[in-house]
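One-letter residues, chain by chain:
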Amino acid sequence: MKLVIVESPAKAKKITHFLGEGWQVEACRGHIRDLPETELGVDVEADFHPQYQVLPGKGNLVKKLVKAMREADEVYLATDPDREGEAIAWHLLQLAGKLKGKAVFRAAFNAITEEAVKAALAEPRVLDVALVEAQSARRIVDRLVGYLVSPLACKALDARLSAGRVQSVALRLVVEREREIEVFQSETYW
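Let me sum up the structure you'll find in this document. Here the structure is a predicted model, which is why all the values come from computation and not from measurement. (Residues numbered from 1 in each chain as written. Predicted model: local features only at pLDDT ≥ 70, side-chain atom pairs only at ≥ 80, totals over all residues. Heavy atoms only, no water.)

## Quick notes on the pairing of strand 8 (residues 103-106)
No. 1: Looking at chain direction, strand 7 (residues 74-77) and strand 8 are connected through four bridges and run parallel. Each bridged residue has a counterpart across the sheet, and for Glu-74 the counterpart in strand 8 is Ala-103.
No. 2: Handedness of the crossover is the feature at issue here: the chain leaves strand 7, passes through helix 3 (residues 83-96), returns alongside strand 8, and the resulting connection is right-handed. (Pairing = 2+ DSSP bridges. Helix = DSSP H or I, 4+ residues; strand = E, 2+ residues; numbered from the N terminus. Right-handed = clockwise from strand over helix to strand, strands pointing away.)

## Re unusual backbone geometry
No. 1: Although it is not a glycine, Arg-29 adopts a positive phi angle of roughly 60 degrees.
No. 2: One non-glycine residue, Phe-48, lies in positive phi territory at about 60 degrees.
No. 3: Here Phe-48 shows up in the loop between strand 4 (42-43) and strand 5 (49-50).
No. 4: On the basis of relative accessible area, Phe-48 is assigned to the partly exposed category, the value being 41%. (Buried < 20%, exposed > 50% of the residue type's maximum accessible area, 1.4 Å probe, protein only.)

## Side note on the sheet that holds strand 2 (residues 23-27)
No. 1: What the four strands build is an open sheet, ordered 2-1-7-8; its pairing is parallel. Every other strand in the sheet has two partners, leaving strand 2 and strand 8 as the edge strands with one partner each. Neighbour-to-neighbour, the strand axes of the sheet open up by a mean angle of 20 degrees, direction not taken into account.
No. 2: One ladder, built from five bridges, connects strand 1 (residues 2-6) with strand 2; its direction is parallel. Looking at the pairing, Lys-2 lines up with Trp-23 of strand 2. (Axes fitted to C-alpha atoms, helices over the stretch in contact; angles between N-to-C directions.)

Rendered as structure tokens:
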């Protein structure tokens with residue numbers, strides 16, 4: 001049995017019709033692990049190591065997917081072809097642990113057509129660790145900025161606000177420009 005894991009249940013249903021006998025198609029329904037909701041979840045003392053945990057409500061799904069991965073002869077992780085999809089595939093592998101003797105592939109397709117799906121499965125690739133690390137870095141920066149800058153913004157502005165990596169950069173640009181305006185000395189010149 002060959003197992004294909006995609007993100008969307010609708011995709012899984014459609015792909016099942018394309019592949020037929022000998023294939024099992026499952027959906028992970030997007031992200032399955034993330035940083036904890038109620039704490040920083042990043043060990044700033046140990047190279048900013050993320051402390052991922054299974055998302056609430058995804059425990060049974062993860063058990064089902066890991067069991068399917070262990071029972072399959074071949075596993076094709078066909079999550080979306082972007083850094084988020086690459087990270088989801090990586091998290092699935094991490095949760096499955098050692099898949100002794102299993103062939104594990106990364107398949108990526110941009111269209112849900114029979115031709116595109118079969119072509120992607122016929123030419124799989126390895127997991128792109130650079131994309132996984134990019135997603136992880138983005139998530140860690142989001143968390144550090146959100147948990148460390150948001151309380152400062154709330155206190156300084158006396159309002160309930162949150163800050164993200166984009167808002168923080170924009171805020172810095174505004175502050176720098178405001179400082180330039182404050183120290184500006186007008187001169188008469190011809």
